[in-house]
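Results of the structural survey
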Amino acid sequence: MAGTAVRGRLTWQVATVGSVSDETASVRTLELDVPGWAGHQAGQHLDVRLTADDGYVAERSYSIASAPDEPVMITVERLADGEVSPYLTEEVRPGDDFEIRGPIGGYFVWPWQDPDSPLLLLAGGSGVVPFRSILRHRAKIGSTVPARLLYSARSLPDVIYHAELATPRDDVEVIYTLTRQQPAGWTGHSGRVTDALLGEVAWPPGQHPIAYVCGPTAFVESVAAGLVGLGYPPDRVKTERYGGVGGP
Amino acid sequence: MSPISRGFHGRRRESPAETGRVPPGQYVTTDFPVLSAGPTPHTELTGWTFTIRQAGDTIKSWTWEDMRALPAEEVTADIHCVTKWSKLDTRWQAVSIDTLLAQVEHDAPYALAFSDGGYTTNLPVADITGGQAWLAFGYDGAPLQPEHGGPARLLVPHLYFWKSAKWVRGLELLAADEPGFWERYGYHNYGDPWREQRYAGD
């Protein structure tokens, strides 16, 4: 298959933190001011580089949470044993600078080839981040391709972008399953994504859908295998492990 | 000159055991993260072959039994993924690519590894010979699991780990270099972690 156009060298650019907004108790979205940002496709990611005052540096990758024509945003989940994510979710303030480079990754992007294919997005935890970019982009370009998001989260308070996903601003169907804890009166799905739930939610393969799966490894392995079991051709199932870890 | 990230101190400076072993921009993990572009193929050993092709022709092919009958090595290596993690002292059971290529006559300078699921990656032959690359079928004493590339994957630890193609089924020997899957999506053509060759142009 043809690759997307390879840009020139990706250089480190200074990003200034604009607004910060908390998505959940452990997840924060940062809007970044990046003069000269080359633009991105929905679903791509970028690298962040932090530099300590003794010259020590740490790099990590994060999915881009904003649509291509919006300011660059990343949504970061604080990892208990993390080094960069605690800084980005707890320490960083508007006006702070760090370096980024990107956009990176030309495969886990939407639109892809046939832009009329029904879109199936399957998110585990913070794997939902690139899907905000994709869904915002879909709305902004006025795409009418049918779209469904199946989102597996530990509990309702762990759902990232809950308000945005609950807004009936377009015709995207959002189906939740809560794996650890369900609120009283919860009428949605509970537990991990089973093949039965997948069969209920997934567009029939005959409609020539395109699926994007993003989340922790166990989630991605099981969901991707389930889709293949339903008859999805493997090359119509794009996978990415964790919101923040893209590419190979 | 990189701006100082106010309030960032970092806490993963190299331990003495790691000194000189972690390429720039990498961090050490004890997990074994999994990364691939699509669903994990599950290939039966009965139909498995490893094939060397040149100019469209098969010049040598091994069944699973053929391959396992070849001399195997225990390889201990540090591996470096372009997504930033490195894992030290990984232990593999593997057949050297030297052993495989010794059974074919060729003078090709490039190779394109190809895998179940359609994945490809390109490597100079000089980088997969001379004791630098293996066909790995075991990890830590157990059969290599499908999500980590089993039944067999390439192991080319001196390059970023996407060059160590999972589910590998053979090598196409080429007179001219030809980019593989990630190399066509903006990743570096060669991928030396010590020169931080992550993306095209690095």
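As the structure is a computational prediction, the values presented were derived from the model and not from experiment.

Rules and cut-offs
- Residues numbered from 1 in each chain as written.
- Chains lettered and ligands numbered in written order.
- Predicted model: local features only at pLDDT ≥ 70, side-chain atom pairs only at ≥ 80, totals over all residues.
- Heavy atoms only, no water.
- Phe/Tyr/Trp six-rings, centres within 6.5 Å; stacked < 30°, edge-to-face > 60°.
- Helix = DSSP H or I, 4+ residues; strand = E, 2+ residues; numbered from the N terminus.
- Buried < 20%, exposed > 50% of the residue type's maximum accessible area, 1.4 Å probe, protein only.
- Salt bridge = Lys/Arg side-chain N within 4 Å of Asp/Glu carboxyl O.
- Core = buried A, V, L, I, M, F, W, Y, C linked by side-chain atoms within 4.5 Å.
- Domains from an automatic or database assignment.
- Contact = heavy atoms within 4.5 Å.
- Buried area = accessible area lost by both parts, 1.4 Å probe.
- Pairing = 2+ DSSP bridges.
- Axes fitted to C-alpha atoms, helices over the stretch in contact; angles between N-to-C directions.
- Polar contact = N/O pair within 3.5 Å; in protein donor to acceptor, adjacent residues only side chain to side chain.
- Nonpolar A, V, L, I, M, F, W, Y, C, P; charged D, E, K, R; others polar.

1. Remarks on the packing of aromatic side chains
Residue and element names in this part refer to chain B. Going through the model one piece at a time under the given rule, you end up with 24 aromatic pairs over all chains. For the pair W92 and Y139, a centre-to-centre distance of 4.9 Å together with 65° between the ring planes defines the contact as edge-to-face. One end of the pair, W92, is in strand β5 (residues 85–96); the other, Y139, is in strand β8 (residues 134–139), with 47 residues separating them in the sequence. On the accessibility criterion, W92 (0% relative accessible area) is buried.

2. Thoughts on the pattern of salt bridges
Within the structure shown, the criterion is met by 29 salt bridges over all chains. When salt bridges with common partners are traced through the structure, they connect A:D47, A:E59, B:K84, B:E196 and B:R198 into a single cluster.

3. Quick notes on the nonpolar core
Residue and element names in this part refer to chain A. Formed by 73 residues in total, the largest nonpolar core has its most connected members in Y151 and Y212. Shared between two domains, this core holds at least three residues of each, these being domain 1 (13–104) and domain 2 (119–241). Setting aside residues no more than four positions away along its own chain, Y151 makes contact with A123, G125, V128, D158, V159, I160, L165, I175, Y176 and T177. Of all hydrophobic cores here, the second largest spans 24 residues; its members include V17, Y87, L88 and F98.

4. Digging into the interface of chain B and chain A
Accessible area lost upon the coming together of the parts is a frequently used measure of interface size. On the chain A side, the residues contacting the 38 residues of chain B number 53 residues. Across the interface of chain B and chain A, roughly 4100 Å² is buried in total on both sides, 53% from carbon and sulfur atoms. Ranking the residues of chain B by area buried against chain A places B:R6, B:F8 and B:Y185 at the top, with a combined share of 20%. In this structure, the connection of chain B to chain A is made through seven salt bridges. When the shortest N-O distance is used, the salt bridge between A:E59 and B:K84 registers 3.9 Å.

5. Some thoughts on the sheet that holds strand β3 (residues 45–51) of chain A
What links the strands of a sheet is backbone hydrogen bonding, and the strands pair in either a parallel or an antiparallel sense. Residues and elements named next belong to chain A. Reading across the sheet, the six strands line up as β4-β3-β6-β1-β2-β5 and stay open at both edges, with antiparallel pairing between neighbours. Each end of this open sheet is capped by a strand with a single partner; those strands are β4 (57–63) and β5 (72–77). Ignoring strand direction, the axes of neighbouring strands in this sheet form an average angle of 40°. Bridge count for β3 against strand β6 (residues 97–104) is four bridges, and the pairing is antiparallel. Residue pairing in the sheet places V48 in a bridge with I100 of β6. Against the sheet, helix α2 (residues 129–140) touches β1 (13–24), β2 (27–33), β4 and β5, its axis set at about 150° to β5.

6. Focus: the pairing of strand β2 (residues 49–54) of chain B
Residue and element names in this part refer to chain B. Relative to strand β3 (residues 57–63), β2 runs antiparallel, the two being bridged by six bridges. Bridge pairing in β3 links R53 to T58. Counting the residues between successive antiparallel strands, the hairpin from β2 to β3 contains two residues, one of them, A55, with a positive phi of roughly 50°. Direction of pairing for β2 relative to strand β11 (residues 168–174): parallel, over a ladder of four bridges. Paired with T51 across the two strands is G170, which belongs to β11.

7. A short note on the domain arrangement of chain A
All names here are of chain A. Looking at chain A, the domain boundaries give domain 1 (13–104) and domain 2 (119–241). Computed over C-alpha atoms, the centres of domain 1 and domain 2 are 24 Å apart. Here domain 1 meets domain 2 over a buried area of about 1400 Å², counting both sides, of which 52% is carbon and sulfur. Taken together, the links from domain 1 to domain 2 amount to three salt bridges. Between E70 and K140 there is a salt bridge; the shortest N-O distance is 3.9 Å. In this assembly, domain 1 and domain 2 are joined by five residue pairs in polar contact (both at pLDDT 80 or more). The set of elements that each furnish at least two residues to the side of domain 1 that touches domain 2 consists of β1, β2 and β5. In terms of residue count, the dominant contributor to the side of domain 1 that touches domain 2 is β5 (three residues). Looking at the side of domain 1 that touches domain 2 residue by residue, the classes come out as seven nonpolar, seven polar and four charged.

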